[in-house]
Number of protein chains: 6
Amino acid sequence: MTQATESKPFHRLLLTGAGGGLGTMLRERIKPWADVVRLSDIKDIAPAGPGEEVVRCDLGDRAAVMALTEGVDAVLHFGGVSVEATFETIMHANILGLHHLYEAVHKRGIKRVIYASSSHVVGYYPTTQVVDANVPLRPDGIYGVSKCFGEALSRYYFDRFGIETVCLRIGSSFGEPRNARMLVTFLAYDDLVELVRCALFTPRVGHTITYGVSDNPVRWWDNRAAAHLGFEPRHSARAFADRFPAGGAWSDAGDITAVYQGGPFLTAGPIYED
Amino acid sequence: MTQATESKPFHRLLLTGAGGGLGTMLRERIKPWADVVRLSDIKDIAPAGPGEEVVRCDLGDRAAVMALTEGVDAVLHFGGVSVEATFETIMHANILGLHHLYEAVHKRGIKRVIYASSSHVVGYYPTTQVVDANVPLRPDGIYGVSKCFGEALSRYYFDRFGIETVCLRIGSSFGEPRNARMLVTFLAYDDLVELVRCALFTPRVGHTITYGVSDNPVRWWDNRAAAHLGFEPRHSARAFADRFPAGGAWSDAGDITAVYQGGPFLTAGPIYED
Amino acid sequence: MTQATESKPFHRLLLTGAGGGLGTMLRERIKPWADVVRLSDIKDIAPAGPGEEVVRCDLGDRAAVMALTEGVDAVLHFGGVSVEATFETIMHANILGLHHLYEAVHKRGIKRVIYASSSHVVGYYPTTQVVDANVPLRPDGIYGVSKCFGEALSRYYFDRFGIETVCLRIGSSFGEPRNARMLVTFLAYDDLVELVRCALFTPRVGHTITYGVSDNPVRWWDNRAAAHLGFEPRHSARAFADRFPAGGAWSDAGDITAVYQGGPFLTAGPIYED
Amino acid sequence: MTQATESKPFHRLLLTGAGGGLGTMLRERIKPWADVVRLSDIKDIAPAGPGEEVVRCDLGDRAAVMALTEGVDAVLHFGGVSVEATFETIMHANILGLHHLYEAVHKRGIKRVIYASSSHVVGYYPTTQVVDANVPLRPDGIYGVSKCFGEALSRYYFDRFGIETVCLRIGSSFGEPRNARMLVTFLAYDDLVELVRCALFTPRVGHTITYGVSDNPVRWWDNRAAAHLGFEPRHSARAFADRFPAGGAWSDAGDITAVYQGGPFLTAGPIYED
Amino acid sequence: MTQATESKPFHRLLLTGAGGGLGTMLRERIKPWADVVRLSDIKDIAPAGPGEEVVRCDLGDRAAVMALTEGVDAVLHFGGVSVEATFETIMHANILGLHHLYEAVHKRGIKRVIYASSSHVVGYYPTTQVVDANVPLRPDGIYGVSKCFGEALSRYYFDRFGIETVCLRIGSSFGEPRNARMLVTFLAYDDLVELVRCALFTPRVGHTITYGVSDNPVRWWDNRAAAHLGFEPRHSARAFADRFPAGGAWSDAGDITAVYQGGPFLTAGPIYED
Amino acid sequence: MTQATESKPFHRLLLTGAGGGLGTMLRERIKPWADVVRLSDIKDIAPAGPGEEVVRCDLGDRAAVMALTEGVDAVLHFGGVSVEATFETIMHANILGLHHLYEAVHKRGIKRVIYASSSHVVGYYPTTQVVDANVPLRPDGIYGVSKCFGEALSRYYFDRFGIETVCLRIGSSFGEPRNARMLVTFLAYDDLVELVRCALFTPRVGHTITYGVSDNPVRWWDNRAAAHLGFEPRHSARAFADRFPAGGAWSDAGDITAVYQGGPFLTAGPIYED
């Protein structure tokens, strides 16, 4: 069992993807939870402050990932590719890299991973259907397919080795909604932090899949199956509704980015080389 | 795609049944949504004010319905018979009339209908069972059967022609609850307006069935399947609970108006001629 | 409780639509079940033989239907319109006529109806999905919508008055499959007779919905919910598979008659007058 | 139908287990509901005050239970054993005693029972799974098994004789949560009183199973199926979360009291006599 | 793990209720499975033949049950009361006795029990509804309630101690169907033996609930959830259908023995002393 | 739409993995379906006979896969790794290779793929639970995870581009069952051929998931959701049951290869390099 020294709950947390949008935000917010936060990214990030360790790491580098995980109590895995890209790019980071991570987690005896999955694993469900965590997967692109892989891989490591994972099917986590679709998919930063906190601190999570979304008026995702996490969003896209008034302009039935939940991801891929 | 001119979201909305209880109320409330609101009823109603057109129309008159729908962007269909009556009366208005309407909507290229269905399509479920939008229908009278017809007809026009409909299974929409049963079924006027607004402005609705009910303490109807509409009731029958104290008088098992959700509708029909 | 005189189980059965394809076939086969079989149709049919009564009757004629049902123990309702037609034609026979029938059944104290519904109440489900009796209705035309009405009306008469109905969602009941689609939807005459027998003789049926289909290799319809009827088809379209070889010609995704179960009904309607 | 005299809704309510933790609390709170509250326990309790009757009664004593129920309008059954004990002890009170109670209720013509069942009927579901009232039972001990018996027995008396029962699957009802697990299972006294009020005053309850739990952040139990009771908890364990901080100490996969919802009950039994 | 000596799969099987109808039949049929079959009953039964041990035993006698289970590899529990009786009688045998049995099974380290439960645990479902092993229980009498207890108790012993049980919800197991209802509920002796064989020999059964019914034309019970047992009935009540022709005599809606699956059990209890 | 020349239904079928166990068997059996069968494998296979083309191809070689698919009407994809191996090996063939295949299928305008998925995508369900095609995935190893990837990828290509895939979750397809577990998972060669035939010739399949298993007595997999394929297995492991008698040797609760469906795959991986 993971033990915290002194006053902080954890000794060392690993945050991957620490240079990304969510990683940068989380970097500040998770400090109170651990004596040391180890931060990794494939690119350079701001140098380590007090209580921080910075490690540049390509997840596709097996030995590097093994080194990265030394002495870690739990992993917040926000690394990898988070947009449509060529298959090789996504495979390198999100498939090979993820396997490296779980291999290392297993060998190191790490007990829990918070995995940034994505709502794009169900992006091909219509915007007129409410889905829960148990519906068959319908990814909306190669990126989404790679997250399906991640959910399956982490399920296996739980069933086989008892390594707990919370898969966060994150919607649109930005400071503010940027378009009308995000009035539905918005996950406020504060709510993401709270969701990560729940995922990290709940005494037992097994292999849990949960949608990462604020308390927005329109809901496509039903989180009942993850009520044992105790996540209660405090923010809502309601406050931003006026910026994207519905008008009388309905979606065209031929516009798949409006008909399916994935939105613009639907037409972003697949990206074939040359 | 429907386009609004100038500042209002829609150019012309058609409200049928404009002389009924709900129609009269909606007449005032929907003005901000359209340059012109066309109002129809089988009987005389208050003359047209600014931004209004008044058309007397029997829905059973095919040509009249065809004329009624000219230049219309969307239909709020609150017309027809809303109580138990002879079969012929209900058939004329709610079956023949509804077909006339959808035929016209199709021929006119109108894209969306808000259809006042009724909770009486499931009125024969017991008051001790919570139902959602997917349970098999159990109408509680001929009126309820005519609404089952309407839900099926509108589903067909969606599947075949892509005409979107939101079926509102309205509970009891009055200014205030009028009896103990309405503490459960109450839909405040404000909430009905909000529900119509959601149904009208949501960019895509497909064929959605939703219960029209305020946030009352006792719930028979589970609206999860329609969470994509973003309807959030703001009112509750809670405020009126004191008027109809439960006392110690339980319902008698032989009183079907208490045993089944439909209440007094259960014994109101069928009405046979002579 | 219905009582048979002498050796036959029922005294008088009413078969409506006795001049139609199924009616003509059933006329011969149901004789052993009743002392008297009353046969009705809107058009002339072969004159009554021994143990038969022939009554010409328009179901839209209320008084005629009332007369038709006198002295009847149970109704096999195969009358009405069974193809796409103008709405008025279908409404007259399948909606108004059906209500006349149930009004008469109620007033006469008749206890059971076998109702020829249709698989076209779910014809808009894809041919790649297996459906059961509890899925929400998706009719594939006005004819299908009229059958949705019939299922709802009969449910009401059961819930309200205890009149039992078995709704037969008949596929394609001909002597032999006539095209590739019917390899799936085929209901052999013998199997229809057996299904009607089960529906008529099972001691209690409540309001049961069952698909009428033989034991064909490909199945779109799951009859588990009606296993209490004891219907076991003995025939299969397998024997006719060679007539309609699949070849390498797959269905085109744009051909809705192949994508949805309803087949040619999907494009047969709606039929608008003039 | 039960009738109240004068101003109070009921004439006489029977509260069994009136000397237990919940009984003592309820004794004060239910006074406004009845002219007379009859209080029973197997041990001595505080003497009757105004509007109270105190009867010492062993539920295993058939004649005593028959006497206990005379003149009673409704029963709040909180008596019996509420912890793991030897099988004989539990059987005497919770099985034999409960049958005595329902036999008496039936013979006396009493119409409704509020039955203190327990969340321990599902205590063997994992803490990572959310369950509703319809999941198959998985009791976590002999006590839980005895409550399964009670739910089945009361169901039978409803189906057979129409005696209504609300089974309250109570979590942890104390003044305050006493450990981290109770942050999930906590039912505040006020909320218990409100739940009992709903169960007692709802005009019709049939045989309803509901979880007794406050509005805590973490939820294992989904109460949708009992929404017809109108129970809305006002309290939450949230206020006590700081007392039991999660720390970084996750549950060990081998610790069944953490892996399953029943917690310490899981290892408390069965208790075999020497 | 249980080991057979020589050629027979088990060394010693215990058959309780060996003097009952099913016990007497099974006594002969299970001989090939064990070197020794220990036979018990509360009353005298035929003396032990070769490979048999006969023990008279009241299941309510704790020490006797402990002795009875010595050296046993698996238990076929067909003992106890199998009809409606006074509560005390049923409790003594089916509740207290069953607990004695599981206590002994646990203490002796016996790994598997085949438990004769009963279809009467769901006897209050209507004869027009098909149920599976996961529906909430609706017992049709005190006997049925005692079998609900048994299913819950055995579930607990599996969850807590890993003792495997197959609960057989037996229909009507006689040599032949004795009335029209048994055309539905009939379980031929050969099929019962085969079901017991599957339950006993399947390498792993966990806690399985299965209906014990032959391949009859009419089915109320859906055994899909127990397909892992591999039970394939070879007999059918079909062969006996002519003895109980349906005639035209439908069940009366007021006759609960026809409306609900439990049949005559529905009105057989509860039996109150004096 | 694919068109056959002359008498054979297809012009050219591509069979990948033609040198594997199933590929070698299929090579002979699929000849009647196409003028030309193109056979590929990563290793040398028997030279092309009449109506055959043999192409050696590493699926991880993008250009080679593009060339391989030229002029192909449909793909039977049995290539890739079919046992536990190092992650890199599996990724190269089953993930990168599969993407190459779908990229080529898309670019070539090929309409349908028969994909050899595996029952190991659900191998971590217990052997006491029956699962259907819609349960959440629980792979039992890296091989199983790679098949989860394949099911997700093919779903995406269907949703996005309409490329139809039938995913065959094949059990154990050998000439005969080789151990007791295969009495459950056995798929006879003839049945596999028939299943492939159904998958290939059914006019429309969308994205269908089906279990590939013969009509064995014990069933873990419920194929109802794929009944539209018309697959009817003709063989059964029943014929081989005597070779693997159950004896009295039950599975040990600690033996995960007996507790979960995946059997020996459960402990075969993951295989870490060095």
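Everything in this summary refers to the structure shown in the same document.

The rules we used
Residues numbered from 1 in each chain as written. Chains lettered and ligands numbered in written order. Predicted model: local features only at pLDDT ≥ 70, side-chain atom pairs only at ≥ 80, totals over all residues. Heavy atoms only, no water. Helix = DSSP H or I, 4+ residues; strand = E, 2+ residues; numbered from the N terminus. Rg over C-alpha atoms; globule rule 2.2 N^0.38 Å. Buried < 20%, exposed > 50% of the residue type's maximum accessible area, 1.4 Å probe, protein only. Contact = heavy atoms within 4.5 Å. Areas by Shrake-Rupley, 256 points an atom, 1.4 Å probe, with all protein chains shown as cover. Lys, Arg positive; Asp, Glu negative; His and termini not counted. Charge placed at Lys NZ, Arg CZ, Asp CG, Glu CD. Axes fitted to C-alpha atoms, helices over the stretch in contact; angles between N-to-C directions. Parallel < 35°, antiparallel > 145°, perpendicular 65-115°, else oblique. Left-handed = near helix turned anticlockwise from the far one by under 90°. Nonpolar A, V, L, I, M, F, W, Y, C, P; charged D, E, K, R; others polar. Buried area = accessible area lost by both parts, 1.4 Å probe. Salt bridge = Lys/Arg side-chain N within 4 Å of Asp/Glu carboxyl O. Expected span 1.5 Å × (residues − 1).

**Considerations on the overall build of chain A**
Piece 1. When helices and strands are counted, chain A shows seven helices and nine strands.
Piece 2. Taken over the C-alpha trace, chain A has a radius of gyration of 18 Å; the compact-globule value for 274 residues is 19 Å, and the two agree within 12%.
Piece 3. If you line up chain A on its principal axes, its C-alpha atoms span 55 × 45 × 35 Å.
Piece 4. Within chain A, the fraction of its 274 residues that count as buried is 62%.
Piece 5. Here the contacts in chain A between residues at least 6 apart in sequence split such that 67% fall between residues at least 24 apart.
Piece 6. Of the roughly 9,300 Å² of accessible surface on chain A, a fraction of 52% belongs to carbon and sulfur atoms.
Piece 7. Placing the 27 positive and 31 negative side-chain charges of chain A at their respective mean positions leaves the two points 5 Å apart.

**Notes on the environment of Met182 of chain E**
Residue and element names in this part refer to chain E.
Piece 1. Residue position: Met182 is located in helix α5 (residues 182–185).
Piece 2. Accessibility expressed as a relative area gives 10% for Met182, which makes it buried.
Piece 3. Separated by 55 residues in sequence, Met182 and Ala237 have C-alpha atoms that sit 7.8 Å apart.
Piece 4. When near neighbours in sequence (up to four residues on either side) are disregarded, Met182 contacts Ser172, Phe174, Pro177 and Ala237.

**A short note on the packing of helix α3 (residues 87–108) of chain B against helix α3 (residues 87–108) of chain C**
Piece 1. Contact pair α3 of chain B / α3 of chain C: the axes reach a minimum separation of 12 Å and the direction vectors enclose 150°. Taken together, α3 of chain B and α3 of chain C sit at an angle that is classed as roughly antiparallel. Of the two possible hands of crossing, α3 of chain B and α3 of chain C adopt the one that is right-handed. In this structure, α3 of chain B contributes Phe87, Glu88, Met91, Ile95, Leu96, His99 and His100 of chain B to the contact, and α3 of chain C contributes Phe87, Glu88, Met91, Ile95, Leu96, His99 and His100 of chain C.
Piece 2. Of the residues assigned to the contact of α3 of chain B with α3 of chain C, the class counts are eight nonpolar, four polar and two charged.

**Concerning the interface of chain C and chain F**
Piece 1. In this complex, chain C contributes 21 residues to the contact, which on the side of chain F involves 23 residues.
Piece 2. Between chain C and chain F, the buried area comes to about 1,800 Å², and carbon and sulfur atoms account for 58% of it.
Piece 3. Counting the surface chain C buries against chain F, the share from its top three residues, Thr128, Gly248 and Trp250 of chain C, is 40%.
Piece 4. With its nearest N and O atoms 2.8 Å apart, the salt bridge here joins Glu232 of chain F to Arg238 of chain C.

**Comments concerning helix α4 (residues 142–161) of chain B**
All names here are of chain B.
Piece 1. Its 20 residues place the ends of α4 28 Å apart at the C-alpha level, agreeing with the 28 Å of an ideal helix rising 1.5 Å per residue.
Piece 2. Most of α4 is tucked away, with 18 of its 20 residues classed as buried.
Piece 3. Backbone geometry just after α4 places Gly162 at a positive phi near 75°.

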